[in-house]
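Residue-level structural notes
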Amino acid sequence: MPQAKGPRFGPVALVVSAGLSVQFGAALAVMIMPRAGAAGVVTLRLAAAALVLLLVCRPKVRGYTRSDWVTVLVFGITMAGMNGLFYQAVDRIPLGPAVTLEVLGPLALSVIVSRRLVNLLWAGLALVGIVLLSGHGGGAGFGSLDLAGAAFALGAGVMWAAYIVFSARTGRRFPQADGLALAMAVAAVLSLPLGIIEAGSALLVPSTLALGVGVALMSSVLPYTLELLALRRLPAPTFAILMSLEPAIAATAGFLVLHQALSALDALAISLVIAASMGAVRSQMRKRG
């Protein structure tokens, strides 16, 4: 019996660890945006992450089909779009509401592909928590948010849902993290022109470069690798609902790093989101058992 629990809880731990890493990395990114701008931070993050992954994985480029390459290309495009849109959002609106809006993409995916009524109920409970958090996270509700920032966050959510789908497909088609490394290189190439246009020589300042590498490790290399490994063993609907933990993690990162206070209603919202996420995982486990 103890041996059976390992493979079930393993993927969940990977996803939660990835969420912690990416949201604290996002908080660090917000702190360095005045130096390089949103597009510049995206370029630093993706370029550094691509370099690290290519050096570590040394992926092979032969022996793959055209379909394999299309999959990794689309995966790279979704990563570039998700990161670009998200950082444009947090450049305009607080971190908590931005992540809250972004996570609607994975939640919508879970509702669309779920075949069990109980998963729809858990998604609904998570949505209630997200709505509560959206009104108070980061000290600003949706009514006072910059509309462009909110639109960027929603767009990032759409790309996040696509990321979930193509991350799983890439993980099945490529060994280890080879597909991730190749897709990250695609994302870095796509983001590079925009970063150069916005930040220019600021990208080459040593302190900014060092912070950018930190963001890359925390927000790209570690979480994407953990998520890719998790998606090999975790169904996409369960993974998508687990993403509703992200607003809670973002609120915590905002409090600890950006000094954004949490209200009692924030705590209630976080509790609802966590309850929904854990309930979804338990129901999925019962289905497998």
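Residues numbered from 1 in each chain as written. Predicted model: local features only at pLDDT ≥ 70, side-chain atom pairs only at ≥ 80, totals over all residues. Heavy atoms only, no water.

With that settled, the discussion passes to empty space enclosed by the protein. Scanning the entire structure with this criterion turns up 3 cavities of 30 Å³ or more. If you go around the largest cavity, you meet 14 residues; those closest to its centre are Val-22, Arg-45, Met-82, Glu-102 and Tyr-224. Elements supplying a minimum of two residues to the lining of the largest cavity: α1 (2–57), α2 (66–90), α6 (147–173) and α8 (206–231). When its residues are assigned to classes, the lining of the largest cavity shows 8 nonpolar, 2 polar and 4 charged. (1 Å grid on protein atoms, 1.4 Å probe; cavity = no way out; pocket = protein on both sides within 12 Å on 5 of 7 lines; lining within 4 Å. Points joined across faces, edges and corners; volume = space filled by probe spheres on them. Helix = DSSP H or I, 4+ residues; strand = E, 2+ residues; numbered from the N terminus. Nonpolar A, V, L, I, M, F, W, Y, C, P; charged D, E, K, R; others polar.)

What follows is about unusual backbone geometry. Despite not being glycine, Arg-58 shows a phi value in the positive range, around 45°. For Arg-58, a relative accessible area of 69% gives the class exposed. (Buried < 20%, exposed > 50% of the residue type's maximum accessible area, 1.4 Å probe, protein only.)

What follows covers the packing of aromatic side chains. Enumeration according to the criterion identifies 5 aromatic pairs in this entry. With centroids separated by 5.8 Å and ring planes inclined at 90°, the aromatic side chains of Tyr-64 and Trp-69 adopt a geometry described as edge-to-face. Considering the side-chain rings of Tyr-64 and Phe-174, the 4.4 Å spacing of their centres and the 40° angle between planes classify their relative orientation as tilted. Of the two residues, Tyr-64 sits in the loop between α1 and α2 while Phe-174 sits in the loop between α6 and α7 (178–199), which places them 110 residues apart along the sequence. Both residues of the pair, Tyr-64 and Phe-174, belong to the buried class. Each member of the aromatic cluster is reached from another via a ring pair, and the members are Tyr-64, Trp-69 and Phe-174. Of note, Arg-169 hangs over the ring of Phe-166, and the distance from its end group to the ring centre comes to 5.0 Å. (Phe/Tyr/Trp six-rings, centres within 6.5 Å; stacked < 30°, edge-to-face > 60°. Lys NZ or Arg CZ within 6 Å of the ring centre and 35° of its normal.)

This part is about a nonpolar patch on the surface. Taken together, the side chains of Leu-51, Leu-55 and Val-56 define a hydrophobic patch exposed on the protein surface, amounting to about 330 Å² of accessible area. Topologically, Val-56 is positioned in helix α1. (Patch = residues over 30% accessible without salt bridge, like charges linked within 9 Å, V, L, I, M, F, W, Y side chains within 5 Å. Areas by Shrake-Rupley, 256 points an atom, 1.4 Å probe, with all protein chains shown as cover. Salt bridge = Lys/Arg side-chain N within 4 Å of Asp/Glu carboxyl O.)

In terms of nonpolar packing, the biggest core is built from 81 residues, with Met-79, Phe-86, Tyr-87, Leu-180 and Met-184 touching the most fellow members. Of the residues forming this core, the biggest block, 20 residues, is contributed by α1. For Met-79, the contacting residues outside a window of four places in its chain are Tyr-163, Leu-180, Ala-183, Met-184, Ala-187 and Tyr-224. (Core = buried A, V, L, I, M, F, W, Y, C linked by side-chain atoms within 4.5 Å. Contact = heavy atoms within 4.5 Å.)

Time to look at α7. With 22 residues, α7 ought to run about 32 Å at 1.5 Å a step, and its terminal C-alpha atoms sit 30 Å apart, in line with that. In α7, a bend of some 35° at Ser-191 exceeds every other bend along the element, and Pro-193, a proline, comes one to four places later. Of the residues making up α7, those classed as buried are Asp-178, Gly-179, Leu-180, Ala-181, Leu-182, Ala-183, Met-184, Ala-187, Ala-188, Ser-191, Gly-195 and Ala-199. Positive backbone phi, at 60°, marks Gly-200, one or two positions downstream of α7. (Expected span 1.5 Å × (residues − 1). Bend = angle between axes of the 7 residues up to and from the residue.)

What follows covers the side chain of Thr-208. Within the element layout of this structure, Thr-208 appears in helix α8. A relative accessible area of 3% means that Thr-208 is categorised as buried. Ignoring anything within four residues of it in the chain, the contact list for Thr-208 reads Arg-35, Ala-36, Leu-44 and Ala-202.

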